[in-house]
Amino acid sequence: MNILKWFLLVLYLAALIYIVFFVGRRHELELIWSNELINYIPLKQTIQWFQSLGNTPNKEWKEFYSNLIGNILLFIPFPFFLRELFNITKKSLILKLGIASSILIEILQFLWKIGVPDIDDVLLNVSGVLIGNFLWKSIIKSRYNKDQLYNKQV
């Protein structure tokens, strides 16, 4: 079972790296990279992007929601691996590691000039960590309750 968890971690990290740094849609943007692209103000660009959509084609709405939801979904598995493989159970430490990992990704995007470093991505990634932690606790709690119910019946 442990080998499977490690395999899933490697798969998760490979997918995360590919999506964040190499996914094809980044090449379609054809941005001329500059420091002005960096977003330091939380939610400013996300709100502006949402407001600018109006009656635009579905493709732009799809891109908006895939960015929003995708950044959250990318980090939902993060707490599972920390808890299951590294036995990190403190919620505050999981949160700090999620923040640090997300900031590291944004710093690498800045240094390598791949993608656009954005504080909103950090906030959305951390939301994914919080959701993942909640889901992990819910799964464990339901598993624990099922075990208790089974033990009472035996």
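What you see is a predicted model, and the numbers here were worked out from it, not measured in a lab.

## Topic: the nonpolar core
Side chains of nonpolar character tend, in soluble globular proteins, to be buried together.
Alright, step 1. Formed by 15 residues in total, the largest nonpolar core has its most connected members in Tyr12, Leu16, Val20, Phe75, Phe78 and Ile105.
Alright, step 2. The set of elements that each furnish at least two residues to this core consists of helix H1 (2-22), helix H4 (58-75), helix H5 (78-86) and helix H6 (91-112).
Alright, step 3. Take this core: its biggest share by element is five residues, from H1.
Alright, step 4. Aside from chain neighbours lying at most four places away, what touches Leu16 is Leu74, Phe75 and Ile105.

## Here we look at the pattern of salt bridges
Alright, step 1. Counted according to the given criterion, the structure contains one salt bridge.
Alright, step 2. Taking the shortest distance from any N to any O, the salt bridge between Glu84 and Lys5 comes out at 2.7 Å. Pair noted here: Glu84 is in helix H5 and Lys5 is in helix H1, with a separation of 79 residues, a long-range link.
Alright, step 3. Note on Lys5: relative accessible area 22%, which makes it partly exposed.

## Thoughts on the packing of H1 against H6
Alright, step 1. With their axes 11 Å apart at the nearest point, H1 and H6 run at an angle of 45° to one another. Judged by the inter-axis angle, H1 sits oblique to H6. Seen along the crossing, H1 lies across H6 with a hand that is right-handed. Contacts from Leu16, Val20 and Phe21 in H1 reach Ile105, Leu108, Gln109 and Trp112 in H6.
Alright, step 2. Of the residues assigned to the contact of H1 with H6, the class counts are six nonpolar, one polar and no charged.

## Concerning the packing of aromatic side chains
Think of a pair of aromatic rings as described by two things: how far the centres are apart, and how the planes are tilted against each other in angle.
Alright, step 1. Enumeration over the complete set of coordinates arrives at 10 aromatic pairs.
Alright, step 2. With centroids separated by 5.1 Å and ring planes inclined at 85°, the aromatic side chains of Trp49 and Phe64 adopt a geometry described as edge-to-face. Here the residue Trp49 occupies a position in helix H3 (residues 44-53), and Phe64 occupies one in helix H4, the gap between them amounting to 15 residues.
Alright, step 3. Exposure remark for Phe64: the relative accessible area of 4% places this residue in the buried category.
Alright, step 4. Relative to Tyr65, the ring of Trp61 has its centre 5.9 Å away and its plane inclined at 20°; by these criteria the two rings are stacked. Taken as a pair, Trp61 and Tyr65 lie in helix H4 at a separation of four residues, close to a single helical turn.
Alright, step 5. By relative accessible area, Trp61 is classed as partly exposed at 22%.
Alright, step 6. The exposure class assigned to Tyr65 is partly exposed, which follows from its relative accessible area of 36%.

Parameters and conventions
- Residues numbered from 1 in each chain as written.
- Predicted model: local features only at pLDDT ≥ 70, side-chain atom pairs only at ≥ 80, totals over all residues.
- Heavy atoms only, no water.
- Core = buried A, V, L, I, M, F, W, Y, C linked by side-chain atoms within 4.5 Å.
- Buried < 20%, exposed > 50% of the residue type's maximum accessible area, 1.4 Å probe, protein only.
- Helix = DSSP H or I, 4+ residues; strand = E, 2+ residues; numbered from the N terminus.
- Contact = heavy atoms within 4.5 Å.
- Salt bridge = Lys/Arg side-chain N within 4 Å of Asp/Glu carboxyl O.
- Axes fitted to C-alpha atoms, helices over the stretch in contact; angles between N-to-C directions.
- Parallel < 35°, antiparallel > 145°, perpendicular 65-115°, else oblique.
- Left-handed = near helix turned anticlockwise from the far one by under 90°.
- Nonpolar A, V, L, I, M, F, W, Y, C, P; charged D, E, K, R; others polar.
- Phe/Tyr/Trp six-rings, centres within 6.5 Å; stacked < 30°, edge-to-face > 60°.

Such coordinate-based values are descriptive only and should not be taken to indicate function.
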